[in-house]
Amino acid sequence: MKILFTFPGQGGQRPGMLAMIPDREAILTQARAVLGDEVDTLDSADALQHTRAVQLCLLIAGVAWARELQRQGVDPQMVSGLSIGAFSQPDVIAALRQPDVVALRGDLMEQAYPEGYGLTAIMGLTRPRVEALMQGHEVYLANLNAETQFVIAGRDEAMAEVAQLALRAGASKAQRLAVSVPSHCALLDNPAAALAKAFADVTLTRPQRAYLSGSTARVLWDPQRIADDLAMNMARPVHWQEAMVAADERDARLAIEMPPGGVLTCLTRQAGWRGETIALERSGLDVARHLAQRLSD
């Protein structure tokens with residue numbers, strides 16, 4: 001039976017989120033060597049208005065908590081990240097070694113759509129119903145998170161119109177997310193292609209742990225395919241439910257979500273997960289260590 005680490009995407013960020021990360025000074029010193037003094041205000045409320053800062057904060061937090069778990073003897077056999085979360089995975093960050101590629105990713109996304117676009121979650125409707133409501137509006141299906149939980153991407157006005165239609169059609173919730181770019185759709189094809197060019201200078205090696213793509217729901221081992229997945233995932237729909245079904249089928253029985261938040265933990269449970277799934281931020285290191293030990297016993 002396997003342990004799965006999951007790494008969240010944008011939406012759960014909050015001011016001060018780097019204050020309590022493990023081994024904080026060492027982690028931030030490493031980041032400062034690339035980013036300079038920007039690191040000192042990276043998780044401020046003003047900075048988090050920008051995609052670059054959000055993504056760098058998520059990268060740093062994911063790396064810090066995953067490393068702490070590994071130091072305490074909890075090591076995953078499989079890893080999966082939603083969007084920017086894919087960059088925090090242990091084998092990926094070991095190959096990248098520095099956050100400059102993630103900084104570029106955030107800059108490319110924000111420069112393409114500096115304002116007026118984003119993501120909206122719709123809950124309580126089936127996929128055919130959501131897609132029917134999208135007809136005639138400039139929005140895209142971005143995340144397929146659960147049987148009745150989807151995220152649409154596009155211009156603010158168009159998303160608001162679809163959200164109202166969804167609520168009238170019986171949706172339990174239609175909420176604009178704290179994401180300022182239209183991720184996971186064709187609107188980001190050009191920024192994704194530019195990031196792919198940057199990956200030409202990055203040498204990835206075959207990972208030690210199974211890399212489960214949140215975009216394709218497939219386990220990838222080939223470094224070139226992983227590089228393509230990392231570069232292009234900003235423009236590809238997220239298939240989180242399918243990814244968690246794939247992990248479950250591969251005998252993963254403990255899913256631990258890295259901070260911040262616990263959204264992925266809720267979505268993993270909805271995917272028919274047959275094992276334990278916890279959000280580290282809520283359950284704590286002791287619980288994670290206990291569950292991992294019980295799994296190995």
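Residues numbered from 1 in each chain as written. Predicted model: local features only at pLDDT ≥ 70, side-chain atom pairs only at ≥ 80, totals over all residues. Heavy atoms only, no water.

Undergrad: With reference to specific residues and values, describe the packing of aromatic side chains.
TA: Considering all chains together, one arrives at 2 aromatic pairs under this definition. Ring centres 6.3 Å apart and planes at 55° place the aromatic pair Phe87 and Phe199 in the tilted group. Residue Phe87 is located in the loop between strand S2 (78–81) and helix H3 (90–96), and its partner Phe199 is located in the loop between helix H7 (189–198) and strand S7 (210–212); the two are separated by 112 residues in the primary sequence. One exposure class covers both Phe87 and Phe199, and it is buried. (Phe/Tyr/Trp six-rings, centres within 6.5 Å; stacked < 30°, edge-to-face > 60°. Helix = DSSP H or I, 4+ residues; strand = E, 2+ residues; numbered from the N terminus. Buried < 20%, exposed > 50% of the residue type's maximum accessible area, 1.4 Å probe, protein only.)

Undergrad: I'd like to hear about the pattern of salt bridges, residue by residue, with values.
TA: Counting across every chain of the model gives 16 salt bridges. The partner of Arg52 in a salt bridge is Glu38, with the nearest N and O atoms 2.8 Å apart. With Arg52 in helix H2 (residues 51–71) and Glu38 in the loop between helix H1 (24–35) and H2, this pair connects stretches of sequence that are 14 residues apart. The class for Glu38 is partly exposed, based on a relative accessible area of 25%. Across the salt bridge formed by Arg253 and Asp251, the nearest N and O atoms sit 3.8 Å from each other. One continuous salt-bridge network, built from bridges that share partners, spans Asp248, Asp251, Arg253 and Arg274. (Salt bridge = Lys/Arg side-chain N within 4 Å of Asp/Glu carboxyl O.)

Undergrad: I'd like a rundown of the nonpolar core, residues and numbers included.
TA: Judged by nonpolar contacts, the single largest core of 72 residues is most densely connected at Phe5, Ile21, Phe87, Leu230, Ile256 and Met258. Counting residues per element, this core draws most heavily on H2, at 13 residues. Leu4, Leu212, Val238 and Ala247 belong to the second largest nonpolar core, which has 20 residues in total. (Core = buried A, V, L, I, M, F, W, Y, C linked by side-chain atoms within 4.5 Å.)

Undergrad: Summarise the side chain of Ser213; cite the residues concerned and give the values.
TA: Relative to the assigned elements, Ser213 resides in the loop between S7 and strand S8 (219–220). A distance of 3.0 Å separates the side chain of Ser213 from the backbone nitrogen of Thr216, its partner in a polar contact. In contact with Ser213, not counting residues within four places along its chain, are Ser80, Arg218, Leu220, Asp229 and Ala243. (Polar contact = N/O pair within 3.5 Å; in protein donor to acceptor, adjacent residues only side chain to side chain. Contact = heavy atoms within 4.5 Å.)

Undergrad: How would you summarise unusual backbone geometry if you had to cite specific residues and measurements?
TA: Here the amide bond leading from Pro259 into Pro260 is cis, since omega sits at 10°, within 30 degrees of zero. Locating Pro260 in the fold gives a position in the loop between strand S9 (252–257) and helix H10 (263–270). At Ser83, a residue that is not glycine, the phi angle is positive and equals roughly 60°. Topologically, Ser83 is positioned in the loop between S2 and H3. With relative accessibility at 8%, the residue Ser83 sits in the buried group. In this structure, His184 takes a positive phi of about 65° despite not being glycine. Mapped onto the fold, His184 is located in the loop between strand S6 (173–176) and H7. Residue His184 is classed as buried on the basis of its relative accessible area, which comes to 3%.

Undergrad: Describe the sheet that holds strand S3 (residues 117–123), and please don't skip the residues or the numbers.
TA: Taken together, the 4 strands give an open sheet; going across it, the order is S4-S5-S3-S6, and neighbouring strands pair in antiparallel fashion. For this open sheet the edge positions go to strand S4 (139–146) and S6, each flanked by a neighbour on one side alone. Each strand axis lies, on average, 20° off the axis of its neighbour in the sheet, ignoring direction. Here S3 runs beside S6; their pairing, made up of 4 bridges, is antiparallel. When the sheet's bridge partners are listed, Ile122 is paired in S6 with Ala174. (Pairing = 2+ DSSP bridges. Axes fitted to C-alpha atoms, helices over the stretch in contact; angles between N-to-C directions.)

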